[in-house]
Amino acid sequence: MNKRRQEVSMEYLKKEIRTFQNGKTVNDQFYIDDDYNVPDAKKDVGRIIISDGTLQVEEMKQVENYLKVTGKLEFRVLYTADETIPEPASLEGRIPFEEMIYLEQEPDGNLVLKTADVDLTVTVIHSRKLNIKTLAEITIGMEKCVGEELTTDIEGENPVFKKTKEEELLKVFATGKDTYRIKEEVSLSGTKENIGTILWTDVTGGKADTQIGTDELLIQGELNIFCLYESVEEKTDWINRTVPYEGRIECMGTVPGMYHQASLNLTDVNVEARMDENGEMRILGIEATLEVRLVVYEEEKIQILEDMYMLDHVCVPDIKEKKCFRLKLQNHSKCRIAEELTLPELKDNIFQICYCKGKIQPESTKAEEDGIHIEGVLHLMFLYVREDDQMPFGVWQGMVPFTYLLENGGGEPEAEELDWTVEQLSVGLMGNGEVEVKAVLAFNCFQKEPVMVQNIESAKFTPMSTEELENRPGIVGYFVKNGDTLWNLAKKYNTTVENIKEVNHMEKEDVNKGDKILIFKQNL
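Remember, it's a predicted structure, so these values are computed and weren't measured experimentally. (Residues numbered from 1 in each chain as written. Predicted model: local features only at pLDDT ≥ 70, side-chain atom pairs only at ≥ 80, totals over all residues. Heavy atoms only, no water.)

Enquirer: Quick rundown of the overall build of the protein? Include the residues and the values.
Expert: Counting secondary structure elements, the protein contains 3 helices and 21 strands. In summary, the protein has a C-alpha radius of gyration of 33 Å against a globular reference of 24 Å for 524 residues, an excess of more than 25%. Here the protein, with 524 residues, has 43% of them falling under the buried criterion. In the protein, the share of contacts with a sequence separation of at least 24, taken over all contacts with a separation of at least 6, comes to 77%. Surface summary for the protein: the accessible area is close to 28300 Å², and the carbon and sulfur share equals 43%. (Helix = DSSP H or I, 4+ residues; strand = E, 2+ residues; numbered from the N terminus. Rg over C-alpha atoms; globule rule 2.2 N^0.38 Å. Buried < 20%, exposed > 50% of the residue type's maximum accessible area, 1.4 Å probe, protein only. Contact = heavy atoms within 4.5 Å. Areas by Shrake-Rupley, 256 points an atom, 1.4 Å probe, with all protein chains shown as cover.)

Below is the structure:
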């Protein structure tokens, strides 16, 4: 067989698309159980009013098939002193922990701490010793940025006929972690007593909004602040306030209109009493660190090389499937709860509610055609004033179930692409042991849709024999079948799309079943 020897040298033009991928999550539960001696400077403990704790993870280190997690449990206790007049008092402490988490497989990406929750129970052993028992739950996630190279064009000395396909793909512009330092002040109203000793504080993040600007991430949010204190005259008083804040984090190269995912975590909260301009302790200074984990995306329309052929060579492409994404939906929606609770145990023993706190626990998320159906509970706690001088404060804890439809256009997002927060919460007394709970739960969904690209990595070009070229028919009368395109017919009969259109006086490439067209072999 007579072969036409001709070397084919081609240059493949590539474009990299960076994608952000979440891997498998690992959940681990463990107990922390330790006794704690009350410091000498603190009053004897009578009865516990309220306690809470946070898990501060300081280091995560992989050791063979395990992840070694070390840190501290930081706990706080509000109690009534074991005295004739049981005044409120408080203490705080730290307990170090070390946990070995088994990894079923080698981590594919960076290990990141997703959540760290505690269920704290404090028991009085005696007035100078407490037992601290905690069920801790840690969720570790795996995430990575993957660069996929897509072939957009091919160039060379030999004429190549190419077919491209336009795809609008979502690509990562930037990822990173940063912090924003919040510094705010709250002044006491005229009816409040001057601050003597701070007994208990609770600062939580409420409503929060982030927006991409020019070279920056803009942040607007609210802090829910509660402070129980003892006045200079040794009277117990409190302040409950919502404080707005706003700021920016530098993010070079960003422009308005880019998409983003931002995870906000409030840490290192400090509340202190400060003097006002008259030298009186009537100001609360609040400082906190807002940890921000950010992924910024941009959409780009890309012409991807889909097929190619030559008139005098057999072309065999090497095709590899690449996973890319397009943005399907970014949805910020709110679920409103209004529930009346009957609490007979509090009917004759509740005078006033001081403050409340809530936490969302989704129990199931199910994707349907109309969106994601979410079922869960709102864990609710409120501190109240009792009509009992021996135990002036009490705490009620319970749950409020909820259901919510998050409209997302259909399809189930990955767990990492759905987050939630309690934006607003209030509990009001209605009388006769009844309370009204009002809450606004915010759900944020960032949904990416997979796009599987059949990418031409390279191609092998084999010259056709002279005999094979000469034996190809010079003219063909063809009846169009279902699925035929001018591109496929031109490639099959060794011609070009433009040639077929010219011969058949066609202005467009559209053909229908049953159409009769003439196909002439292209002259080399």
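Enquirer: Requested: an account of the environment of Lys14, with residues and values cited.
Expert: Relative to the helices and strands, Lys14 resides in strand S1 (residues 10–22). Between the C-alpha atoms of Lys14 and Thr151, which are 137 residues apart in sequence, the distance is 4.5 Å. Not counting residues within four places of it along the chain, the set of residues in contact with Lys14 comprises Glu149, Leu150, Thr151, Thr152, Ile456 and Glu457. At a separation of 3.0 Å, a polar atom in the side chain of Lys14 contacts the side chain of Thr151. Here the side chain of Lys14 touches Glu457 through a polar contact of 3.0 Å, landing on its backbone oxygen. (Polar contact = N/O pair within 3.5 Å; in protein donor to acceptor, adjacent residues only side chain to side chain.)

Enquirer: Describe a nonpolar patch on the surface, with residues and values.
Expert: On the surface, a nonpolar cluster with roughly 350 Å² of combined accessible area is contributed by Val63, Tyr66, Met100 and Tyr102. In this structure, Met100 sits in strand S5 (residues 88–102). Since its relative accessible area comes to 36%, Met100 is described here as partly exposed. (Patch = residues over 30% accessible without salt bridge, like charges linked within 9 Å, V, L, I, M, F, W, Y side chains within 5 Å. Salt bridge = Lys/Arg side-chain N within 4 Å of Asp/Glu carboxyl O.)

Enquirer: Provide a residue-level description of unusual backbone geometry, including the pertinent values.
Expert: Although it is not a glycine, Glu64 sits at a positive phi angle of roughly 55°. For Glu64, the position within the fold is in the loop between strand S3 (45–63) and strand S4 (66–81). A residue is classified by how much of its surface remains accessible, and Glu64, at 70% relative accessible area, is exposed. For Asn494, which is not glycine, the phi dihedral falls at a positive 60°.

Enquirer: Explain the sheet that holds strand S12 (residues 259–275) residue by residue, including any values.
Expert: Sheets are built from strands that pair by backbone hydrogen bonding, the pairs being arranged parallel or antiparallel. Across the sheet, which stays open at both edges, the 3 strands sit in the order S8-S13-S12 with antiparallel pairing between neighbours. The open sheet has two edge strands, strand S8 (161–187) and S12, and neither has a second partner. Going from strand to strand, the sheet's axes swing by 5° on average, the running direction of each strand aside. Both S12 and strand S13 (residues 281–309) contribute to a ladder of 15 bridges, which runs antiparallel. Directly across from Gln261, in S13, lies its bridge partner Val295. (Pairing = 2+ DSSP bridges. Axes fitted to C-alpha atoms, helices over the stretch in contact; angles between N-to-C directions.)

Enquirer: Just give me the short version of the pattern of salt bridges, but keep the residues and values in it.
Expert: One pass over the structure, following the stated rule, counts 32 salt bridges. The partner of Glu58 in a salt bridge is Lys72, and the shortest N-O contact between them spans 3.0 Å. Within this pair, whereas Glu58 is found in strand S3, its partner Lys72 is found in strand S4, the two being separated by 14 residues in sequence. With a relative accessible area of 52%, Glu58 lands in the exposed category. Among the ionic pairs, Glu143 bridges to Lys114, the shortest N-O distance being 3.6 Å.

Enquirer: Lay out the side chain of Thr201 with the relevant residues and their values.
Expert: Within the element layout of this structure, Thr201 appears in strand S9 (residues 195–213). Under the relative-accessibility criterion, Thr201 is labelled buried at 18%. Beyond its immediate sequence surroundings of up to four residues, Thr201 is in contact with Arg76, Phe226, Cys227 and Val271.

Enquirer: So what's going on with the sheet that holds strand S11 (residues 236–250)? Residues and values would help.
Expert: Pairing is antiparallel in the open sheet, where 3 strands are placed in the order S9-S10-S11. Each edge of the open sheet carries a strand with a single partner, namely S9 and S11. Averaged over neighbouring strand pairs, the angle between their axes works out to 15° when direction is ignored. Here 15 bridges tie S9 to strand S10 (residues 216–231), and the two strands are oriented antiparallel to one another. For Ile198, the partnering residue across the bridge sits in S10 and is Tyr229.

Enquirer: Can you lay out the environment of Glu291 for me, pointing to particular residues and giving the numbers?
Expert: Within the secondary structure, Glu291 is located in strand S13. For Glu291, a relative accessible area of 36% translates into the label partly exposed. The spacing of Glu291 and Lys42 is 249 residues in sequence and 33 Å in space, taken between C-alpha atoms. With residues up to four places along the chain from it excluded, the contact list for Glu291 reads Asp178, Thr179, Ser263, Leu264, Asn265 and Thr267.

It is worth stressing that arrangement in space is one thing and function is another; only the former is reported here.
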